[in-house]
Amino acid sequence: MWISIKWLRELVDINQSPEELAETLTMAGFEVEEIENRASWADGVVVGKVLKRDRHPDADKLSVCTVDVGAEEPLNIVCGAQNVRADIYVPVATVGTYLPKVNLTIKPAKLRGVPSSGMICSLAELGLAKESEGIHIFSGDNLQVGSDARPLLGLDDVLLDLTATANRADALSMVGVAREVAALTGATVRLPKAKTVSVVKPAGPSLKLNIQESQGCPAYIGTLISGVKIGPSPAWLQQRLEGSRIRPINNVVDVTNYVLLEWGQPLHAFDADKLKAVAGGDRLTVGVRFAQPGETMKTLDSQNRQLQAETLLITANDRPVALGGVMGGESTEVDGETQNILLEAALFDSATIRRSARSQGLRSESSNRYERGVNQAGVEEACRRAIALILELAGGEAMGQEMVDKRTGLTPQPIDLRLDRVNQVLGPTKAELNALKGTGSLQPNDIERILNALGCQISPTKQKNVWSVTVPPYRAKDLEREIDLIEEIARLYGYDNFCETLPSKTAAGGLSVEQQTLRNLRAAFRGAGLTELMHYSLVKPGETNQIELANPLFAEYSALRTQMLSGLIDAFQQNQDQGNGALNGFEIGQIFWKEGEALKEKEAIAGIMGGDPTVNRWVRSGKEQRMTWYEAKGLLDSIFERMGIAVEYRPWGKEIAKGQSDGEATALCAEFASATLHPGRTASLWLWGKCLGVFGQLHPQLRQQRELIDEVYIFQLDLGLLVQAASKNTIQKFAAYSTFPASDRDLAFFSPVDLSVSDLQKVMLKAGGKLLESVQLFDEYQGKNVPEGQRSLAFRLVYRVGDRTLTDQDIEPIHNKVRDALVKQFSLTLRS
């Protein structure tokens with residue numbers, strides 16, 4: 001909430017500078033995020049009077065003005081505004097003035113040959129509007145020329161952007177902040193007093209109240225005011241609303257917003273004649289109930305709302321006219337033709353408004369306050385204040401008032417506070433504050449002073465140093481227990497005025513093996529050129545075994561994700577559509593699913609790759625070279641190699657698609673992957689006999705639907721299994737390279753098509769023992785002279801040891817052992 005220091009000074013004496021006040025509030029738990037010094041926006045801008053206005057001799061759209069700014073001689077100013085004329089008072093930026101909102105320093109200049117010494121300003125140039133059609137003209141006569149223009153513009157003020165914690169609903173008002181400042185500084189609060197206004201007569205038959213949901217609406221006051229004249233609000237009211245980032249509308253609506261800011265009590269004004277038109281008769285019954293199935297209503301933001309069962313409504317003869325505590329309806333809004341109004345001052349239940357606002361995906365200044373809890377005892381005072389201001393600014397007469405009051409517990413129950421418990425929880429205070437040697441403790445007079453500053457009523461009990469404390473009604477929502485009072489004592493006494501207590505023993509910190517492994521894993525993925533991404537865990541509903549939220553904020557985010565691949569595809573498409581090229585990224589996060597009635601969650605890591613992996617595009621005349629399946633697989637292999645993990649690739653089989661695997665992360669995304677990935681270019685990844693995840697190329701049909709580049713690859717892995725395997729290789733060991741030459745042998749044979757290369761390599765490496773350094777496939781052929789259902793494969797086997805040069809006598813027995821193992825294991829036909 002934006003707080004005006006000028007407005008605050010009307011409610012409480014402030015002897016601190018804005019910076020000091022911001023520090024005081026921040027240390028008390030009210031964080032000041034920004035200090036906006038509006039006086040700097042127009043430093044050097046004065047009130048001027050246009051004495052004469054002539055057309056520019058060389059430009060039809062320019063005027064040459066003679067302006068009196070209180071100097072010895074009037075200024076000659078060239079102005080381009082169409083609304084400039086003689087005998088008006090205007091803001092004038094004199095030579096040397098800097099206008100920060102438009103980053104302009106005023107200098108003497110010549111415009112089309114005519115000298116100009118200054119500038120007549122618009123509100124946009126002063127930072128008070130986004131756009132202005134012309135210069136600003138002050139209302140009123142006989143203004144003092146040459147005087148500072150900032151008080152007339154509302155720029156003689158400093159604003160604080162104050163953030164209150166969720167339990168401090170009272171701090172969402174100027175009165176609440178004034179009470180807080182008074183409690184912190186010892187000043188006295190001057191509450192705004194409403195003028196005494198008498199209601200001519202009860203509303204009688206013309207207005208009745210029917211509150212069906214008394215729990216959701218414990219109190220409702222409806223006041224009929226007739227004969228109002230709608231028009232602009234006075235400048236002081238508009239300036240205060242604009243300072244709080246609320247757009248002025250008209251005098252009646254602005255008064256309701258003003259009282260909202262002043263007292264924290266939301267109000268709403270209906271056009272009474274429109275209410276009767278909606279109700280369908282002269283007799284009006286205003287009700288409060290929940291919405292019924294199929295009901296709709298258009299709110300003030302011109303949105304047609306499909307009402308839900310938990311949406312709380314204000315009705316006119318049972319017809320919806322407003323979302324209770326959230327937003328009014330367009331059909332009954334106050335506009336320039338309004339003559340009679342119904343002023344609503346109501347108290348709504350916090351939980352009811354929270355559910356109602358969520359059901360419509362809508363939050364407002366009113367709902368924000370109701371959700372936190374407004375002062376139950378302040379409804380009448382805010383209503384009187386609003387009525388008095390409306391009659392003062394819009395005229396009219398209060399013709400009748402009806403009230404329904406079913407509030408309970410207006411007087412909070414007393415709380416026992418023990419001095420011993422206070423000192424036990426808060427600990428010793430610093431010695432210099434207590435004028436004691438060493439450390440001290442809070443004394444009874446300290447406790448009583450703080451509680452009195454909070455507005456509490458204190459009564460002694462029969463026990464020594466135990467008080468019976470009754471909190472004020474505006475703090476009843478957050479001061480309910482003894483520990484709440486202790487927290488307030490610590491806050492107002494100053495957290496920094498208590499002694500710091502350090503642990504008696506210290507120990508060196510460090511990361512666990514799993515934490516360090518996860519950091520290394522992130523570094524490995526970044527080192528491979530992948531950017532870490534982050535998405536919401538909330539997605540649209542509709543997937544199998546999906547967990548849906550009971551009270552979602554938005555329909556688009558009403559379920560938890562069962563896989564992470566769809567979010568990565570969306571991000572890839574968005575970056576491509578924005579002209580940012582291919583997005584190579586990875587994401588670590590949680591996935592969620594249901595198994596019967598049980599809810600499960602697991603950590604997973606997923607990624608997406610594509611685009612041109614090279615940087616030498618200029619040698620190909622700017623043409624891109626798409627990433628191949630083996631290049632994408634090579635990126636993953638480089639990560640696994642860096643982490644010291646041996647991962648096996650297998651064809652995407654039926655056992656994965658059915659979810660029959662030990663890797664839950666893969667089983668969960670199996671259904672999505674089967675419809676998303678290329679059927680012939682998808683592999684399952686295995687580790688320790690367990691399915692680690694899935695890797696493959698996007699299906700061509702999906703790629704065409706999304707209009708993506710030709711080759712895009714995605715993967716999702718079980719993070720727990722991956723970290724577990726990598727944790728066993730956290731210590732990198734250096735092995736010296738062999739200084740002796742290698743000897744290689746080629747081995748070719750016919751193999752069934754459905755027999756994977758990885759299975760062949762495992763058998764050869766096991767049979768070759770320590771002498772066989774590597775096995776690499778270098779040729780595959782299917783066609784003429786190859787038996788049907790088979791393919792010709794050729795491998796290069798490299799033999800090497802670190803202590804000698806191998807001879808044929810060393811290699812041949814091992815090589816024959818490899819050949820025999822292949823024939824025995826797979827019944828292959830050797831060609832070499």
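Residues numbered from 1 in each chain as written. Predicted model: local features only at pLDDT ≥ 70, side-chain atom pairs only at ≥ 80, totals over all residues. Heavy atoms only, no water.

### Digging into the overall build of the chain
When you go through the chain residue by residue, the secondary structure sums to 23 helices and 39 strands. Counting over 832 residues, the chain shows a buried share of 46%. Looking at the chain alone, contacts between residues at least 24 apart form 69% of all its contacts between residues at least 6 apart. With the model as given, the accessible surface of the chain reaches about 42,500 Å², and the carbon-plus-sulfur share is 47%. A distance of 3 Å separates the average location of the 91 positive side-chain charges in the chain from that of its 104 negative side-chain charges. (Helix = DSSP H or I, 4+ residues; strand = E, 2+ residues; numbered from the N terminus. Buried < 20%, exposed > 50% of the residue type's maximum accessible area, 1.4 Å probe, protein only. Contact = heavy atoms within 4.5 Å. Areas by Shrake-Rupley, 256 points an atom, 1.4 Å probe, with all protein chains shown as cover. Lys, Arg positive; Asp, Glu negative; His and termini not counted. Charge placed at Lys NZ, Arg CZ, Asp CG, Glu CD.)

### A few points about the environment of F348
Mapped onto the elements, F348 comes out in the loop between β22 (340-347) and α8 (350-360). Judged by relative accessible area, F348 falls into the buried class, the value being 4%.

### Some thoughts on the packing of helix α15 (residues 513-527) against helix α21 (residues 719-727)
Here α15 crosses α21 at 105 degrees, and the two axes come no closer than 9 Å. By the angle between their directions, the pair α15 and α21 is classed as roughly perpendicular. Packed against α15, whose contacting residues are V513, E514, T517, L518 and L521, the element α21 presents L719, L722, V723, A726 and S727 at the interface. Class assignment of the residues belonging to the contact of α15 with α21 gives a composition of 7 nonpolar, 2 polar and 1 charged. (Axes fitted to C-alpha atoms, helices over the stretch in contact; angles between N-to-C directions. Parallel < 35°, antiparallel > 145°, perpendicular 65-115°, else oblique. Nonpolar A, V, L, I, M, F, W, Y, C, P; charged D, E, K, R; others polar.)

### As for the packing of aromatic side chains
Each aromatic ring pair is specified by the distance between its two centres and by the angle formed by the two planes. In the structure shown here, the tally under the stated rule is 11 aromatic pairs. Ring centres of W236 and Y258 lie 5.6 Å apart, and the angle between their planes is 85 degrees; this geometry places the pair in the edge-to-face category. Separated by 22 residues along the polypeptide, W236 in helix α5 (residues 235-243) and Y258 in helix α6 (residues 251-263) bring together distant segments of the chain. Classification of W236 as partly exposed rests on a relative accessible area of 36%. Take Y258: its relative accessible area is 3%, and that puts it in the buried class. Joined through ring pairs, the aromatic side chains of W629, Y630, F695 and Y713 make up one cluster. Directly above the aromatic system of F778 lies the positively charged group of R796, at a separation of 4.6 Å from the ring centroid. (Phe/Tyr/Trp six-rings, centres within 6.5 Å; stacked < 30°, edge-to-face > 60°. Lys NZ or Arg CZ within 6 Å of the ring centre and 35° of its normal.)

### Considering the state of the cysteines
This model, assessed by the stated rule, comprises 0 disulfides. With no disulfide partner, C65 has as its closest neighbouring cysteine sulfur the one in C79, 5.2 Å distant. (Disulfide = S-S within 2.5 Å.)

### Some details on the sheet that holds strand β20 (residues 319-323)
Sheet strands line up and pair through hydrogen bonds in the backbone, either parallel or antiparallel. An order of β13-β16-β19-β20-β21 is seen for the 5 strands of this open sheet, with the pairing classed as mixed. Only two strands of the sheet have a single neighbouring strand rather than two, namely β13 (207-211) and β21 (327-328). Pairing geometry for β13 and strand β16 (residues 284-290), over 5 bridges, is parallel. Within β16, the residue paired with I211 across the bridge is V288. Here helix α7 (residues 272-279) sits on the sheet and contacts β16, β19 (312-316) and β20; the angle it forms with β20, its principal contact strand, is near 140 degrees. (Pairing = 2+ DSSP bridges.)

### Some remarks on the pattern of salt bridges
Side-chain pairing between opposite charges can occur once the charged atoms of the two side chains come close. The tally for this structure, following the rule as stated, stands at 48 salt bridges. One salt bridge connects R475 with E488, and the closest N-O pair in it is separated by 3.1 Å. Separated by 13 residues along the polypeptide, R475 in the loop between β26 (466-470) and α14 (482-493) and E488 in helix α14 bring together distant segments of the chain. Residues R804 and D803 are paired through a salt bridge, measuring 3.4 Å at the closest nitrogen-oxygen approach. With a relative accessible area of 36%, R804 lands in the partly exposed category. D803 sits in the exposed class, given a relative accessible area of 54%. Several salt bridges converge on common partners, so that one network encompasses R168, D170, E180, R475, D478, E488 and R491. (Salt bridge = Lys/Arg side-chain N within 4 Å of Asp/Glu carboxyl O.)

### Remarks on the packing of α8 against helix α9 (residues 365-372)
Each packed pair of helices is defined by two parameters, the angle between the axes and the distance between the axes. Orientation of α8 relative to α9, taken along the N-to-C sense of each, is 140 degrees, at an axis distance of 7 Å. By the angle between their directions, the pair α8 and α9 is classed as oblique. For the pair α8 and α9, the crossing hand works out as left-handed. In this structure, α8 contributes S350, I353, R354 and A357 to the contact, and α9 contributes S367, Y370, E371 and R372. (Left-handed = near helix turned anticlockwise from the far one by under 90°.)

### Some words on a nonpolar patch on the surface
On the surface, Y536, L553, F554 and Y557 cluster together into a nonpolar patch covering about 470 Å² of accessible area. The class of Y557 is partly exposed, set by a relative accessible area of 37%. (Patch = residues over 30% accessible without salt bridge, like charges linked within 9 Å, V, L, I, M, F, W, Y side chains within 5 Å.)

### Observations regarding helix α4 (residues 174-185)
Between the first and last C-alpha of α4 there are 16 Å, a value that for 12 residues agrees with the 16 Å anticipated at 1.5 Å per step. When you tally the buried positions in α4, you get 9 out of 12 residues, the bulk of the element. All of the buried residues along α4 are M174, V175, G176, V177, A178, E180, V181, A182 and A183. Within two residues after α4, G186 carries a phi angle of roughly 85 degrees, on the positive side. (Expected span 1.5 Å × (residues − 1).)

### Observations regarding the side chain of E488
We classify E488 as buried; its relative accessible area is 5%. Side-chain polar atoms of E488 contact the side chain of R491, separated by 2.7 Å. Not counting chain neighbours up to four residues away, the residues in contact with E488 comprise R168, I450, L454, R475 and L479. (Polar contact = N/O pair within 3.5 Å; in protein donor to acceptor, adjacent residues only side chain to side chain.)

### Thoughts on the layout of surface pockets
Counted as a void, the largest pocket has a volume near 1,600 Å³. Around the largest pocket sit 40 residues that line it, and K633, Y649, V757, S758 and Q761 are the ones nearest its centre. Secondary structure elements with two or more residues in the lining of the largest pocket: α17 (629-643), β32 (648-651), β33 (677-687), α22 (757-768) and β37 (772-781). Of the residues forming the lining of the largest pocket, the biggest block, 7 residues, is contributed by β33. (1 Å grid on protein atoms, 1.4 Å probe; cavity = no way out; pocket = protein on both sides within 12 Å on 5 of 7 lines; lining within 4 Å. Points joined across faces, edges and corners; volume = space filled by probe spheres on them.)

### Quick word on the side chain of N251
The residue N251 is located in helix α6 in this model. Within the structure, N251 has its side chain in polar contact with the backbone oxygen of L393 (distance 3.5 Å). The contacts of N251, once residues within four sequence positions are left out, are K229, I230, G231, P232, S233, L393 and A394.

### Details of the sheet that holds β22
The strand order across the open sheet built from 4 strands is β15-β22-β14-β23, with neighbouring strands paired in antiparallel fashion. In the strand order of this sheet, the two ends are held by β15 (267-271) and β23 (397-405), each with one partner. With direction set aside, neighbouring strand axes in the sheet form an average angle of 20 degrees. In terms of strand pairing, β15 meets β22 through 5 bridges, oriented antiparallel. Following the sheet pairing, H268 is matched in β22 by E344. Lying on the sheet, α7 is in contact with β14 (219-226), β15 and β22; it crosses β15 at an angle near 70 degrees. Those strands touched by helix α10 (residues 379-394) are β14, β15, β22 and β23, and its axis lies near 160 degrees from that of β22.

### Observations concerning unusual backbone geometry
Phi at D87 is positive, roughly 65 degrees, even though this residue is not glycine. Counting through the fold element by element, D87 comes out in the loop between β5 (75-79) and β6 (89-93). On the basis of relative accessible area, D87 is assigned to the exposed category, the value being 57%. Of note, R112 is a non-glycine position whose phi angle comes to about 55 degrees, a positive value. Mapped onto the secondary structure, R112 falls in the loop between β9 (109-111) and β10 (114-116).

### Let's talk about the nonpolar core
Counting 88 residues, the largest nonpolar core has L8, Y220, I314, F348 and I390 as its most contacted members. Among the elements that make up this core, the one with the highest residue count is α10 (8 residues). Discounting chain neighbours no more than four positions away, the residues touching I314 are Y220, F270, V286, G287, V288, R319, P320, V321, A322, G324, E344 and F348. If you look at the next biggest cluster of nonpolar residues, it comprises 33 residues, including M627, W629, A683 and A726. (Core = buried A, V, L, I, M, F, W, Y, C linked by side-chain atoms within 4.5 Å.)

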